[in-house]
Structure formats: structure tokens, C-alpha cells
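Each chain, written out:
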Amino acid sequence: MAQTTSPATEATAPGEGVGADGIDGPDGTGKGGRTPSDSASGGETDVVGLGKWRASAFVAPALILVSIFLVFPALWTIYIGITNYRLTGIAARAPEFVGFDNYVRAVGDADFLNSLYLTLIFVLFSAVIGQNVLGFGLAWRLQNVQGWVRGLVQSLVLLAWILPSSIVAFLWIALLDRDSGTLNALLGTPGLAWLIEYPMVSIIVFNIWRGTAFSMLLYSAALASVPPSQLETATLVGASRWQTLRDIVFPHVRGHVLTNTLLISLWTFNDFTPFLITAGGPNDRTEILPVYIYNTAISGGQMGYGAAVSLIMLLINLIIALFYIRLLRERK
Amino acid sequence: MAQIDLVNLSKVYPGDVRAVDDLTLTIPDGEFFALLGPSGCGKTTLLRTIAGLEEATSGSVRIGDRDVTRLPPGKRELAMVFQDYALFPHMTVVDNISYPLKIKGLAKEDRLDRAVKAGDELSLDGLMERRPSELSGGQQQRVALARAIATHPQVFLFDEPLSNLDARLRLEARTFLKRLQRDLGVTTVFVTHDQAEALAMADRMAVMQSGRIRQVGTAREVFQHPVNTFVANFIGSTPMNLLDASVRGDALDVAGQRVDLPEDVRRHVTDGQEVVVGVRPEYLTVSSSAVDGGLQGVVAIVENLGTAALVTLEADDLSVAVTVPDGEEPPIGADAWVTPVPGRVLIYRREDGELVDAPVAAAVG
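Regarding its fold elements, chain B presents 8 helices and 20 strands. When the 365 residues of chain B are sorted by exposure, 41% land in the buried category. Expressed as a percentage of contacts within chain B between residues at least 6 apart in sequence, the contacts between residues at least 24 apart total 65%.

A separate point is the overall build of chain A. The secondary structure content of chain A amounts to 15 helices and 0 strands. Taking all contacts inside chain A whose residues are at least 6 apart in sequence as the whole, residues at least 24 apart take part in 64%.

Let us now look at the sheet that holds strand 15 (residues 284–287) of chain B. All names here are of chain B. Spatially, 5 strands are ordered 15-19-16-17-18 in an open sheet, and the strand pairing comes out antiparallel. Strands at the two margins of the open sheet, each flanked by one partner only, are strand 15 and strand 18 (318–325). Averaged over all pairs of adjacent strands, the angle between strand axes in this sheet comes to 45°, irrespective of strand direction.

On to the sheet that holds strand 6 (residues 78–81) of chain B. Residues and elements named next belong to chain B. An order of 6-7-8-3-9-10 is seen for the 6 strands of this open sheet, with the pairing classed as mixed. Pairing within the sheet leaves two strands with one partner each, and these edge strands are strand 6 and strand 10 (212–217). Put simply, the sheet's adjacent strands are angled 20° from each other on average, direction ignored. Relative to strand 10, strand 9 (residues 204–209) is paired through 5 bridges, and the arrangement is antiparallel. When the bridges of strand 10 are listed, Ala 206 appears paired with Val 216.

Residues and elements named next belong to chain B. Confidence along chain B averages 90 in pLDDT terms, with 98% of residues attaining 70 or more. When mean pLDDT is taken per element in chain B, strand 3 (residues 32–36) scores highest with 95 and strand 13 (residues 257–260) scores lowest with 86. Taken over the whole predicted complex, pTM reads 0.77, whereas the ipTM for its chain interfaces reads 0.84.

A few words now on the interface of chain A and chain B. Of the residues lining the interface, 13 residues belong to chain A; the matching set on chain B comes to 15 residues. Elements with a contribution of two residues or more to the side of chain A that touches chain B: helix 11 (228–236) and helix 12 (241–269) of chain A. When residues in the side of chain A that touches chain B are grouped by element, the largest group, 6 residues, is from helix 11 of chain A. Its residues assigned to classes, the side of chain A that touches chain B comprises 6 nonpolar, 6 polar and 1 charged.

Taking 1.5 Å of rise per residue, 12 residues should cover 16 Å, and helix 7 (residues 165–176) of chain A covers 16 Å from first to last C-alpha, within 8% of that figure. Looking at the buried residues of helix 7 of chain A, the elements they touch are helix 6 (147–162), helix 8 (182–187), helix 9 (194–197), helix 10 (199–224) and helix 13 (274–278) of chain A.

Moving on: the packing of helix 4 (residues 137–150) of chain B against helix 5 (residues 167–184) of chain B. Residues and elements named next belong to chain B. Running from amino to carboxyl end, helix 4 crosses helix 5 at an angle of 15°, the nearest separation of the two axes being 12 Å. As far as their axial angle goes, helix 5 and helix 4 are roughly parallel. Crossing geometry of helix 4 relative to helix 5 is assigned as right-handed. Residues Gly 137, Gly 138, Gln 141 and Ile 149 of helix 4 lie in contact with helix 5, whose contacting residues are Leu 169, Ala 173 and Leu 184. Among the residues forming the contact of helix 4 with helix 5, the class breakdown is 4 nonpolar, 3 polar and no charged.

Attention now moves to the pairing of strand 1 (residues 4–13) of chain B. The two faces of a sheet get side chains in turn, since along a regular strand they alternate between them. Residues and elements named next belong to chain B. Judged from the 5 bridges that link them, strand 1 and strand 4 (residues 58–63) form a sheet pairing that is antiparallel. If you follow Leu 6 over to strand 4, its bridge partner there is Val 61. Where strand 1 and strand 2 (residues 17–27) come together, 7 bridges link them in antiparallel fashion. Paired with Leu 6 across the two strands is Leu 25, which belongs to strand 2. In textbook terms, the turn of a hairpin is the stretch between consecutive antiparallel strands, and for strand 1 and strand 2 this stretch comprises 3 residues, one of which, Gly 15, has a positive phi near 90°.

A few words now on the domain arrangement of chain B. All names here are of chain B. Taken domain by domain, chain B holds domain 1 (4–233) and domain 2 (234–349). Opposite the 12 residues of domain 1 that make contact, domain 2 presents 11 residues. Elements that contribute at least two residues to the side of domain 1 that touches domain 2 include exactly helix 6 (195–201), helix 7 (219–224) and helix 8 (229–234). Among the elements that make up the side of domain 1 that touches domain 2, the one with the highest residue count is helix 8 (5 residues).

So, on to the environment of A:Gly181. All names here are of chain A. In this fold, Gly 181 is placed in the loop between helix 7 and helix 8. Between the C-alpha atom of Gly 181 and that of Trp 194, which follows or precedes it by 13 residues, the distance is 9.6 Å. For Gly 181, the residues in contact, after removing those within four places along its chain, are Ala 174, Leu 175 and Leu 176.

Attention shifts here to the pairing of strand 13 of chain B. In the sheet, strand 12 (residues 251–254) of chain B pairs with strand 13 of chain B via 4 bridges, with the strands oriented antiparallel. By the bridge assignment, B:Ala251 is partnered in strand 13 of chain B with B:Asp260.

Residues and elements named next belong to chain A. Orientation of helix 5 (residues 110–142) relative to helix 12, taken along the N-to-C sense of each, is 140°, at an axis distance of 9 Å. In this view, helix 5 runs oblique relative to helix 12, as classed from their interaxial angle. Regarding helix 5 and helix 12, the two cross each other, and that crossing is right-handed. Residue-level contacts link Thr 119, Phe 122, Val 123, Ser 126, Ala 127, Val 128, Gln 131 and Asn 132 of helix 5 to Asn 260, Thr 261, Ile 264, Ser 265, Thr 268 and Phe 269 of helix 12. Partitioned by chemical class, the residues of the contact of helix 5 with helix 12 number 6 nonpolar, 8 polar and no charged.

A few words now on the environment of B:Asp5. Residue and element names in this part refer to chain B. Among the secondary structure elements, Asp 5 is positioned in strand 1. Counting along the chain gives 55 residues from Asp 5 to Ser 60, while the straight-line C-alpha distance between them is 8.0 Å. In this structure Asp 5 touches Thr 26 and Arg 62, once residues within four positions along its chain are discounted.

The next point concerns the environment of B:Thr218. Residue and element names in this part refer to chain B. The residue Thr 218 is located in the loop between strand 10 and helix 7 in this model. According to the C-beta neighbour criterion, Thr 218 is partly exposed, with 13 such atoms within 10 Å. The sequence separation of Thr 218 and Leu 199 amounts to 19 residues, and the corresponding C-alpha distance is 8.1 Å. Thr 218 has contacts with Asp 203 and Arg 204, leaving out every residue within four places of it along the chain.

So, on to unusual backbone geometry. Even without a glycine there, the phi angle at B:Asp22 is positive, about 50°. Structurally, the position occupied by B:Asp22 is in strand 2.

With that out of the way, let us pick up the confidence of the model for chain A. Fine structural detail should not be taken from predicted coordinates in areas where pLDDT scores are low. All names here are of chain A. Confidence in the prediction of chain A, expressed as mean pLDDT, is 83, and 86% of residues score 70 or more. Per-element mean pLDDT across chain A ranges from 40 in helix 1 (residues 2–12) up to 94 in helix 5. A low-confidence stretch, residues 1–42 stays under pLDDT 50, and its non-local contacts, those more than four residues away or across chains, total 39 contacts.

Analysis parameters
- Residues numbered from 1 in each chain as written.
- Chains lettered and ligands numbered in written order.
- Predicted model: local features only at pLDDT ≥ 70, side-chain atom pairs only at ≥ 80, totals over all residues.
- Helix = DSSP H or I, 4+ residues; strand = E, 2+ residues; numbered from the N terminus.
- Buried ≥ 20, exposed ≤ 12 C-beta atoms within 10 Å, placed from the backbone.
- Contact = placed C-beta atoms within 7 Å.
- Pairing = 2+ DSSP bridges.
- Axes fitted to C-alpha atoms, helices over the stretch in contact; angles between N-to-C directions.
- pLDDT = per-residue confidence, 0-100.
- Nonpolar A, V, L, I, M, F, W, Y, C, P; charged D, E, K, R; others polar.
- Expected span 1.5 Å × (residues − 1).
- Parallel < 35°, antiparallel > 145°, perpendicular 65-115°, else oblique.
- Left-handed = near helix turned anticlockwise from the far one by under 90°.
- Domains from an automatic or database assignment.

Written as C-alpha cells, this is what we have:
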């Protein structure tokens, strides 16, 4: 590209220095205004004509930030995962290399396996089933609803999604409180301690409430992409709503269902917000993996072990992602 | 078997938009009927109201001897082909064609049998296992038609069936559709904005404007005898000449010149009345020498139409278009005289655009 433009450049550009100013300058008539800097850096072949070094300088700040805050901590986690590093004590000062001990310990640790089990339950019911079904249902139902009703419902659902975690956690604690909770007042069940009697159900319902907005928005967009003429053809041949959904709508949005399920599964898997409501209790009954890691690594001070569990969790995430991507590819 | 009767049909959208306005129309059994008009005239809404995709605000729709106004689309025994064909991309051709039969609860062998038969009729054999995305535009259209045929409906509805095809294929599809409709003998209503398409294909047509019918008739009636200036203007590949004139005794004053007034309309006009003279370019002859009672003008533009040329003359501030046979075009800048073919001049009232011999209180417009 640069080669085709450079002869013209040489003919019109009086000097090399005008490059950057050419566009603003009084002589920037459009004829040669855009090209002069092309020839400035000689053999470089990028379109803008920055040259390798100047181009790198533009990317560098972002790269440095990513390195400091993402790459380094990730590598650091891997490193401390193979040590007995602790927050306090001797092992904090001089952590020892322990190889795969932490991993071996995790695999045999009943607490860890319990957490893993709780996490899978949490993801399955709150995300894969809960958010997915409710989100699709809302999107489907709101399709032909009057403008203001749809706006209102969507706003309310979105509100649950965009409010800060600390605020919604407080709201839910207030809702579920044993003595003066809103839910007990509504149901007429004074003294029922939801978070103690039904802790897992509580955080599952909480997460459905919190995260459905994303599925609803994604499915709304997906449903809007189904050509109306195909739906009308179904109507004309007398297909019921359910038949239309099964035979025409669902095949169109199948890819979106997989994408959505992948995203909400991963997000829910890594979600820490339930900690703000139950702190993993009572009796570790809601100690999902992120909470388990926090409780062992930060509260319990076992940094090395926590790091190892984090890495295991990352691997599980990867497996989930690969599984969905595999499914997605098979569909095409 | 299935005549369509529309009685005082109206479709009003919120905001008092009258898409279909108190329309009454009968389409006899087996007819190939076109709804023709510019965009926004209500033709598609009318078709969708017949289909049941839009609910009539008032009036009634009858198909055969049944009042279907309040019936859901699936119970009206009609099949519709959409502009984009609306084929289901995830189904093979044979599944697409047999889908309506599946919904109607036919056994698998029966519906496969009928789908294959309909496919064969439209020469789709060999394509039955393909997906719509693997077919050409013309093939997709035939799949959509096969899907419509396979259900043996009382009525076919086509919404701009040809507009997604390229120009050459469109001509072939016209002939093909017309033959298909004739063979099947099913009452068919199709919507088009292309007057040439309507003239070529339809047994009869309704020319629509603002939710109302401005004229119903055969291609010949609508072309040769448009009953108002709207239809006159809309029909015809070369627009009809519509010249302002006023009546002077038993002649017309057109652009300051005296032009013969056809005898048959003389009793319908009064001296001094303001009228519009309508005559098609095809029904005018041009002469390079003075003709008594002809209109004189100067040749301004010559457009080649292939077998003929469209010559535009300027007379005062009026333009008159005339078609002349290939090779007989007068030179540009020359004086020329045009005279109409006898019996082909239409005189419209200036105030409402209706023919002068039409009843005055036509209440249209």
C-alpha cells in the first residue's frame, strides 16, 4: 500500500516535517495532506507510517499495565502454589518449595471437594437452569408486550444487575432477616431464618435474581433476529406457540443459548458475592469455591494452598469453556 | 370453490392511520388477482388482513362460504409466499415443504409423499435434501411455492413474490407463476408495486391508493381506460401524458393551441371547463408537417426504448411524450405535430381527477 502512494507523496510534499501538521495546516487542501508522513520512516510498511518503534511506544503503556496487574499476579499464583507460603509465621518469611503437595492435599481434602460440589450445584441451578430459563422466558414473553411495560420490566431486571454487590447483599440480608425481614413479613412466617434454614436455596435464588438481566438482554437480541416472515409462516400453517418455539425460534437461537450458558456458567462459577450474604456459612453449607479460597488463603492464611486451589479452579473453568466451545462448533 | 369477498373492510392502526379504508371487493374463484399500488397504499396490509396476520378493524373477510374474519390464520385454509420466501434455514427442502403438513398432523409417509410430489411439480427433484442456503434465489422461490402447494389451500397469497429475483429471472418467473396458477386453478391474490408485473400476470387487478381502490379491472381496462388521473399516471411503462386544458366550445385549448375535442365526451363538458387531457405516448402519432387539430411542438429529447423511441416535444410550457417506431425519430429541434389515435383520448375533470363522464359525487380523494 505504501508503495503505491509514495510516488504521489514525493511529488506533492515539500518536506518531511509537515507530516503531523499537514491535516490542520492552512495548505491541507486534501491533495497531499494525508500522505506525507508515509515516506518519513523510509522502509516501514505500516499504513499510518509510524514505524516499529513509535508504534510500540503507543502500545507499551497498556502492555506494562497488563503485565503488572494480570500477567505477574498469575505467574506469582502459580509460583506460590508450589510453596508452603503463609500470611504469617515462619513460612511467610521464608516459604519453602513443596512441589505438588498442595495439589495432592486439595484432591484429598473433604472441605475442598465439598466446596466443588456446592459450586457445581450453585452453577447448575442458579445459572444453567435459573438465569437461562428465566432470562429466556422474560425475553420471549416481553416480545409482544406494550412499550412501557417492557421498558419497566427490563429496567427493574437490569437494576438488579447493575447495582453494586455490597448494596444488593445488604438488601438481601434485610429481605431475609429472621426478626424483621421483608420476606417473613410478606409470607407471615415470623422468626424463620432463611439464611440458616435454607442457605443454598437462598443464594441460588439470589443469584438468579441478580444475573437474569444478562440472559434476558442476550435472548431479546437473539429473538429479534428471527425473521418475522418465518414466524408468520408458522402462524399461517397453524403452528401453536409451543410448536413455533420448538421448530422455528429455538433452532435460530441455539447458538446464543450455548454462548449465554457458557458466559453465565463461568461468571457464576467465579462469583464471590454470596460471601457477602452468608460468608460461606452456616457450617460451610454455602462455601462455594471462591469463598473457600478466600476463607483458606486470606482468613486462614494458607496462601500457598489457596493459590493451588485457585489454579485448579482456573483449570475447571477452562474445561467448562472448552466443553461449550466444542458444542458450539458441532452445531455449525 | 373459493371466492374471496371483502366487505367494508377497514384496518386502522393506532394514531388513526387508515391502512385499509372501507374496502369492498370480490375475487371470483380461480382468478389471478393483483393488488397494485405505490408503497404505503395499503396493499400489503390488505393481503395480510386476508391472511389473518392483521386483524380487521371492521368489515368482514369471506373465503368460499365461510366468514373467516375472526378465524386465526391457521384455520383459513390459505397459503402465503413471502417476499423473502421465509424458508426455515435449519430444515432441508423436503422438511420445509412438509412442515405445514406435519403441523396439520399428517402421517410421516403421507406428508413425505405429498412433499415429494409438490417438489417434482416444481422441478425440485434432486434438491430435496439440501438446505435453503445451498439453493439459488429462483430455487428458493420454488421451494416456497412447493410448500404452499403441498397444503392444497383454497387461496394463495403472494407478497411481492418476484422482487427478490434478478431482472432476467423475474421475467421467467412471471411466465412460470402464471402457468402454475392456471394449472392449479387456485384463487390467487398477489401484491406488487410493479405495474408491468401486474399487467403481465394478473387476470384482474385493483389499483390502490391510501387504503382505497381507485380502479378494478383487467389489464386492458386499466391500461386503456384508467378512470382517474392517479391510475392513468401509475399504469404504463412510459407515463401517460396528462395535459392541462380548458374547453373552448367544441374544441380544447391546450397550451394556447386549438385541439380537437373527442365527440363522445362533448356532452359531458361545458364551455370554459378546466380539464386534463390524458393520452398515452403509444396512442399518439407524430408528423413533421402541419396537421389540422394536432398539437404543435418542438422535439426536445429522444430516448431509445429498443424497438421504439420515446420522443418528448415541448409546446409552450407543456411536455408531450410520443412513442415512434424504431428509425422514424424526428431530429431534435424540429417542429412536429402530434395527433391522437381516435378513441384513445381521455378527458378528466381538473378538480377531482375523475373522467368527465363519471358521476360527480364520486367522493374519492
